[in-house]
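Chain by chain, the residues run as shown.
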Amino acid sequence: MMEEIQRIVPFSFGLGTLLFGAIMVTLPLLLSPRGKGRFRDETYESGEPIIGEAWVQFRGYYYMYALIFVAFDVETAFIVPCVTVLRSYGSWLPVIEVAVFLIVLSLSLVYALKKKVLHWT
Amino acid sequence: MSIVEIIIRLIIAFGAVFTFVALNALFLVWLERKVSALIQQRLGPTEVGPAGLLQTLADAVKLMGKELITPTAVSRTVFFLAPIIAFLPAPLLVAAIPIAKGVGVSDLNVGALYILAISNIALLGILMAGWSSNNKYSLLGAMRAVAQNISYEIPMLLSLLAIILMAGSMKFSDIVKAQETVPFVLLQPVAFIIYFICSIAESNRTPFDIPEAESELVAGYHTEFTGMRFALFFLAEYTQVFVLSAIVTLLFLGGWNGPLLPPAVWFFLKTYLVIFVVMWLRWTYPRLRSDQLMNFNWKMLLPAAILNLLISSVIYRGGFPG
């Protein structure tokens, strides 16, 4: 298809999908039966009486992974343009730049591994 | 081009993509049941339609008639939005995949990067589902899904970079064109293995299905979702399986390149072969423990991916043929 249409495809498809999803989850309201029962709207907990809420303080360990993910992901994003032109550039310069970047990146990985931050227990 | 024409073209494309998403999910659910039956020496669905082909359609109609239960304890708005957001990336991803040269809804200049960026919206949907349910199983499942997905994202991106390096472009048609003589699976075998493992992990399927591990978490993040809400998660998952296989085909297996048969046929043949392998893995391997899963990623895949990119940037720098 034409360039100008391609440019608006993600946006318009996103809108269309949201609309489709909204229709899909409201349509059964017209089609489905309404059940009754004392425990129908209770949270599922294998049939046992519910103990407390699920919105509690969560294991902080996940936070470490999130932090490291942000560091690595942003750093990786910086290599993308360099890698794209690497072959057509025709000299060692981008190779050396990528290498320096990756070595620094792996140093932080080595540090995290040494500190046992990435060791799930 | 007039505005009416643009709108008509968009609606046709949208309709085509949605028809494909629906048909593909119907077929893949049937295929999954048949493959599992084959591996476990059962028959699978046989009653509805020829060889049980219409079984999934019957199931879909059944799901339409199911009641949508919203438990009293949930966060209502987020609970309502979660399945919709989880389904949001599916058509967006299918729309970005070219089937053959010039065939497909769009072939973006940043195609490969776009796929990675958009597919992570599903993760937001999963987190919304898990948190809003106010259910311990759901929350645990969602947190596991997030930790797993963001971890496997990095080696995936790094192995994708090795492919971008080879092709010198992020556009799928250029990447496929660069594989006309030799597919990248032979030139970048390590990147292929890493990418394949990571993309299975990203789709939360066995052996990486700890987010919805039935034996410990009931159904993980979609425990509280009934009827069509559950169906949207399901639809999203099976579309993701197709998308990941299509991307593996485009990046590593030479896309629509092949002798004799038309390009689109080659593309679908390769894609459904990869889908079969993904299903085969699911019904063959046991589930990983969460510590094994995380440590495997950070201690094996990530260093391997960094080394692979480093070595291939030295080997394949300017002027290397192929």
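Let us look at the structure shown here.

Calculation rules
- Residues numbered from 1 in each chain as written.
- Chains lettered and ligands numbered in written order.
- Predicted model: local features only at pLDDT ≥ 70, side-chain atom pairs only at ≥ 80, totals over all residues.
- Heavy atoms only, no water.
- Helix = DSSP H or I, 4+ residues; strand = E, 2+ residues; numbered from the N terminus.
- Buried < 20%, exposed > 50% of the residue type's maximum accessible area, 1.4 Å probe, protein only.
- Contact = heavy atoms within 4.5 Å.
- Areas by Shrake-Rupley, 256 points an atom, 1.4 Å probe, with all protein chains shown as cover.
- Lys, Arg positive; Asp, Glu negative; His and termini not counted.
- Charge placed at Lys NZ, Arg CZ, Asp CG, Glu CD.
- Rg over C-alpha atoms; globule rule 2.2 N^0.38 Å.
- Patch = residues over 30% accessible without salt bridge, like charges linked within 9 Å, V, L, I, M, F, W, Y side chains within 5 Å.
- Salt bridge = Lys/Arg side-chain N within 4 Å of Asp/Glu carboxyl O.
- Expected span 1.5 Å × (residues − 1).
- Buried area = accessible area lost by both parts, 1.4 Å probe.
- Polar contact = N/O pair within 3.5 Å; in protein donor to acceptor, adjacent residues only side chain to side chain.
- Core = buried A, V, L, I, M, F, W, Y, C linked by side-chain atoms within 4.5 Å.
- Domains from an automatic or database assignment.
- Axes fitted to C-alpha atoms, helices over the stretch in contact; angles between N-to-C directions.
- Parallel < 35°, antiparallel > 145°, perpendicular 65-115°, else oblique.
- Nonpolar A, V, L, I, M, F, W, Y, C, P; charged D, E, K, R; others polar.
- Phe/Tyr/Trp six-rings, centres within 6.5 Å; stacked < 30°, edge-to-face > 60°.

1. Considering the overall build of chain A
Scanning chain A from terminus to terminus reveals 3 helices and 0 strands. Going residue by residue from the N terminus, the α and β elements of chain A occur as α-α-α. Considering only C-alpha atoms, chain A reaches an extent of 75 × 50 × 15 Å along its principal axes. Out of the 121 residues in chain A, the part that is buried amounts to 32%. Of the contacts made within chain A by residues no fewer than 6 positions apart, 54% connect residues no fewer than 24 positions apart. Taken as a whole, chain A presents about 7,800 Å² of accessible surface, with 69% of it coming from carbon and sulfur. The positive charge centre, built from 10 side chains, and the negative charge centre, built from 10, are 6 Å apart in chain A.

2. Here's the deal with the overall build of chain B
From N to C terminus, chain B includes 14 helices and 0 strands. In chain B, the order of α-helices and β-strands from amino to carboxyl end is α-α-α-α-α-α-α-α-α-α-α-α-α-α. Over its C-alpha atoms chain B spans a radius of gyration of 20 Å, differing by no more than 12% from the 20 Å that the globule rule assigns to 322 residues. On the principal axes, the C-alpha backbone points of chain B span a range of 65 × 50 × 50 Å. In chain B, which comprises 322 residues, the share counted as buried stands at 59%. Look at the contacts in chain B between residues 6 or more apart in sequence, and 77% of them connect residues 24 or more apart. Accessible surface for chain B amounts to roughly 12,400 Å². Of this, 71% is attributable to carbon and sulfur atoms. The averaged location of the 17 negative side-chain charges in chain B is 2 Å from the averaged location of its 20 positive side-chain charges.

3. Here's the deal with a nonpolar patch on the surface
Together, B:Ile3, B:Val4, B:Ile7, B:Ile8, B:Ile11 and B:Ile12 line one region of the surface with nonpolar side chains, adding up to about 620 Å² of accessible area. Within the secondary structure, B:Ile12 is located in helix 1 (residues 3–39).

4. A short note on helix 10 (residues 189–202) of chain B
Residues and elements named next belong to chain B. For helix 10, with 14 residues, the first-to-last C-alpha span of 20 Å sits near the 20 Å given by 1.5 Å per residue. The element helix 10 is largely enclosed, with a buried count of 10 among its 14 residues. Restricting attention to buried positions, one finds in helix 10 the residues Ala191, Phe192, Ile194, Tyr195, Phe196, Cys198, Ser199, Ile200, Ala201 and Glu202. Buried-residue contacts for helix 10 involve helix 7 (136–167), helix 9 (184–187), helix 12 (227–252), helix 13 (263–282) and helix 14 (290–315). Immediately downstream of helix 10, the backbone of Asn204 shows phi near 55 degrees, a positive value.

5. So, the interface of chain A and chain B
Each partner contributes residues to the interface: chain A has 69 residues there, and chain B has 82 residues. Here chain A meets chain B over a buried area of about 7,000 Å², counting both sides, of which 73% is carbon and sulfur. Taken as a group, A:Phe13, A:Trp55 and A:Arg87 account for 13% of the area that chain A buries against chain B, more than any other trio of residues on that side. At the junction of chain A with chain B, the criterion picks out 1 salt bridge. When the shortest N-O distance is used, the salt bridge between A:Arg34 and B:Glu67 registers 3.5 Å. Our count for the contact surface shared by chain A and chain B stands at 1 residue pair in polar contact (both at pLDDT 80 or more). Within the residue set of the side of chain A that touches chain B, elements represented by two or more residues are helix 1 (3–31), helix 2 (61–89) and helix 3 (93–114) of chain A.

6. With respect to the environment of B:Ala236
Residue and element names in this part refer to chain B. Inspection of the secondary structure puts Ala236 in helix 12. For Ala236, a relative accessible area of 12% puts it in the buried group. In this structure Ala236 touches Ala86 and Phe87, once residues within four positions along its chain are discounted.

7. What to know about the nonpolar core
Membership of the largest hydrophobic core comes to 122 residues, with the highest contact counts inside it found for A:Phe13, B:Leu158, B:Leu251, B:Phe252 and B:Trp298. Here the element with the most residues in this core is helix 7 of chain B; it accounts for 18 residues. Two domains share this core, each providing at least three of its residues, namely domain 1 (1–34) and domain 2 (60–114) of chain A. Setting aside its immediate chain neighbours within four residues, B:Trp298 contacts A:Tyr65, A:Ile68, A:Phe72, A:Leu109, A:Leu113, A:Leu118, B:Ser151, B:Ile154 and B:Pro303. Counting 13 residues, the second largest nonpolar core, distinct from the first, contains B:Ala82, B:Ile85, B:Ile126 and B:Tyr221.

8. Section: the packing of helix 1 of chain B against helix 12 of chain B
Residue and element names in this part refer to chain B. Where helix 1 contacts helix 12, the two axes come as close as 9 Å, and the packing angle between them is 85 degrees. Judged on the interaxial angle alone, helix 12 and helix 1 are roughly perpendicular. Residues Phe20, Val21, Asn24, Ala25, Leu28, Val29 and Glu32 of helix 1 form the contact with helix 12, whose participating residues are Phe234, Leu235, Tyr238, Thr239, Val241 and Phe242. Classifying every residue of the contact of helix 1 with helix 12 gives 10 nonpolar, 2 polar and 1 charged.

9. Some points on the packing of aromatic side chains
Aromatic ring pairs are reported here in terms of the distance separating the ring centres and the angle at which the planes meet. Residues and elements named next belong to chain B. By the definition in use, this model includes 26 aromatic pairs over all chains. Ring geometry for Phe20 against Phe242: centres 4.8 Å apart, planes inclined by 65 degrees, an arrangement best described as edge-to-face. Taken together, the residues Phe20 in helix 1 and Phe242 in helix 12 connect sequence positions 222 residues apart. Taken together, the aromatic side chains of Phe20, Phe27, Trp30, Phe242, Phe267, Phe268 and Tyr272 make up a single cluster linked through ring pairs.

Purely geometric stuff here, so don't read any function into it on its own.
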